[in-house]
Amino acid sequence: ESGYACWLDYRLIPNEPLRSAYRKRCSQLVMIGDSPLLQAARRELNLALGVMLGEAPVEAEEDAGAELSLPVLVVGTIGSSQLLNPLASLYHFDELGEEGYVIHGSGSDDNRIYLSADADKGVLYAVFHFIRLLQTGASIEQLAIRELPSNGLRMINHWDNMDGSIERGYAGRSIFFHEGRFIEDQERVRDYARLLASGGINALTINNVNVHSQESKLITDEFLPDVAKTAAIFREYGIRLYLSVNYASPMELGGLSTADPLAPEVAEWWHGAAKNIYRYIPDFGGFVVKADSEFRPGPFTYGRNHADGANMLADALAPFGGEVIWRCFVYNCLQNWRDRITDRARAAYDHFMPLDGTFRDNVMLQIKNGPMDFQVREPVSPLFGGLKETNQLLELQITQEYTGQQKHLCFLVPQWKEVFDFDTHAQGEGSTVAEVASGRLFGRARGGVAAVANIGDDASWSGHILAQANWYGYARLAWNPKLSAEQIAREWIAMTFGLDSAVERVLLGMLLSSYRIYEDYTAPLGVGWMVNPNHHYGPNVDGYEYSKWGTYHYADCHGMGVDRTVRSGTGYAGQYHSPVAERYESTALCPDELLLFFQHVPYTHRLKSGKTVIQHIYDTHFEGAERAAQLAEQWKSLASLVDSARFGQVLDRLAHQAEHAEEWRDCINTYFYRKSGIADERGRLIY
Ligand code: BDP
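Here the structure is a predicted model, which means the values were calculated and not measured.

## What about the packing of aromatic side chains?
Considering all chains together, one arrives at 39 aromatic pairs under this definition. On the basis of an interplanar angle of 80° and a centroid distance of 5.2 Å, the ring pair of tyrosine 125 and tryptophan 479 is categorised as edge-to-face. Within this pair, whereas tyrosine 125 is found in helix α4 (residues 120-135), its partner tryptophan 479 is found in helix α15 (residues 468-479), the two being separated by 354 residues in sequence. Looking at tryptophan 479, the relative accessible area reads 4%, which means it is buried.

## Description of the packing of helix α16 (residues 485-497) against helix α17 (residues 501-521)
It is at 10 Å that the axes of α16 and α17 come closest, and there the two elements cross at 130°. Compared by their axis directions, α16 and α17 come out oblique. For the element pair α16 and α17, the recorded crossing hand is right-handed. Touching Ala485, Glu486, Ala489, Arg490, Trp492, Ile493 and Phe497 of α16 are Val503, Glu504, Leu507, Leu508, Leu511 and Leu512, all from α17. Of the residues that constitute the contact of α16 with α17, the class distribution is 10 nonpolar, no polar and three charged.

## Quick notes on the layout of surface pockets
Roughly 610 Å³ of internal volume is contained in the largest pocket. Lining of the largest pocket is provided by 34 residues; of these, Glu98, Glu99, Lys121, Gly152 and Asn202 occupy positions nearest its centre. Among the secondary structure elements, those contributing two or more residues to the lining of the largest pocket are α2 (36-53), α4 and β11 (240-245). Taken together, the residues that form the lining of the largest pocket break down as 12 nonpolar, 10 polar and 12 charged. Considered as a void within the structure, the second largest pocket measures approximately 390 Å³ in volume. Contributing to the lining of the second largest pocket are 24 residues, with Glu167, Arg168, Glu294, His536 and Trp549 lying nearest its centre. A per-class count over the lining of the second largest pocket returns nine nonpolar, five polar and 10 charged.

Definitions and cut-offs
Residues numbered from 1 in each chain as written. Predicted model: local features only at pLDDT ≥ 70, side-chain atom pairs only at ≥ 80, totals over all residues. Heavy atoms only, no water. Phe/Tyr/Trp six-rings, centres within 6.5 Å; stacked < 30°, edge-to-face > 60°. Helix = DSSP H or I, 4+ residues; strand = E, 2+ residues; numbered from the N terminus. Buried < 20%, exposed > 50% of the residue type's maximum accessible area, 1.4 Å probe, protein only. Axes fitted to C-alpha atoms, helices over the stretch in contact; angles between N-to-C directions. Parallel < 35°, antiparallel > 145°, perpendicular 65-115°, else oblique. Left-handed = near helix turned anticlockwise from the far one by under 90°. Contact = heavy atoms within 4.5 Å. Nonpolar A, V, L, I, M, F, W, Y, C, P; charged D, E, K, R; others polar. 1 Å grid on protein atoms, 1.4 Å probe; cavity = no way out; pocket = protein on both sides within 12 Å on 5 of 7 lines; lining within 4 Å. Points joined across faces, edges and corners; volume = space filled by probe spheres on them.

Any link to function would need more than the numbers given here.
Next comes the structure, spelled out in structure tokens:
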């Protein structure tokens, strides 16, 4: 009961009538084909049905004749067997692509349930979907499900280092690396691949975007045999492996004197490196690159721009079908806090907008959801909707760097939903980030979403067992951003903890309220950054205020917030399309939750809620801490309904959260009380 099985925690379905209804429809299995992907599908189906229904289905041959009149599950690609012919007239299989699938069955006619697709990978996804139906107690009497992923690329980025540490990891050590080498026993990696595939993840990087010298060598003969072994495991589950590379590899590994993207010897070096990688891994995905960012090398050193850098790598990979994923997290991290002209929020747009349309077709720009860095609340990056002729990937952070480090409960799906649903107005109303990132809005051939992993070798993978919901939720949203946070939470709860209605009610409430609660007791109104420098855990209002990182709140005795307006501030608000730009430009129109991101206002400024800024700070911090304490109480009500190991693990974390939320409350309230000299209207204790 460590939580290791996550949401694939198959258990005997306790509800007898439900179980026998399922068993009736799944007593026989005809599985057509045996490619590695289909073998994975078959293993999973047998395992899941065997455990949940108490007995695995009888595997029948395709031509079993009369026996097939019994209820039977038919699994395979369309065209692989005549048994699947009835589907051909009902669905357009040629529209399903490599990943789409169909689940069909009508209780009446032929007693069959079909899990089918145009390609093997789609069949694997159909199988996981079907298992999910059983785990969530859905009816399988009438099934007519057709699914296609919204995003082509659905990626997870690991920030793992080869010494086994994980940058911003809060759940143990790397599952891939130990002391500079690959971990030999890859059982855990296989389980990981299964979990990812069950949510539809199809791409992965295993090493940190900050590529240090040991990791640079992943693209050399020294480590490619190991990379290839790892890639093979993920391939069985339809997941393509990519690597983060060091932009200066030609110098570091190749002994060249330059990494200038326009130098022919540099291009040649990369071409050779790419060719060699594909000898080991024929379906290698490509490179992820963090360049000219936080001390990483890049084309700026040579007076070149990021299109020069990305395109050179793209040309090296193109002959082999590889891609370059180039990160837009580029800003000056050595700026002068006394100089209010520069604004870190502007940086990505300022660097990349002028390059729109100049990137190769096999380049994707990976853009963090907000312009700063994964704060609990940020506006959406204006590059979404800004860039029109460039492939894009939305980058999210599952690992809770700024959102409680998996010690606090913070279900991030509601935050991500807001990002996906945000209307950029780039092509008028309805130009949502979901439409942009997928590539649909501007007719781009590539697009999707990537997110930083939150797992490690912790017994439960994620440190906080409830943080598994973020991992699961990310995968589900990457597949379909239209799913609601509530639906995702319900699925995850049922799959992880079973179908008890009290567990569902309590956990649903906890998950769905947790993001707001966390926001309430931390930095107010979108201003961000009130954390301890470096490790980013716990309150420190001025921790980054007089630093070089470009992350300020500008609080003084009169007021606070960053003036990012065009009229009197950094001009950042002008990077959006109308009417978004006008909304952020205006103190009156700016949404409360982002007010201090865009505006510098007096503490007595009245929010749309009717409260003054200072009173809002007091109220949200008192209430946030109180509600954090209630989370622990709510969980306690499940003591007899959740196994003791998982119950205890979560309770410890919630108890810590409650205490830590008080520390947050007191630091922030006291700080602003002393700055402003304005007392709490309700006379609560502020030190
Ligand atoms: C920040 C992290 C840092 C990462 C960086 C990045 O603090 O560790 O290297 O983002 O995304 O959030 O490159």
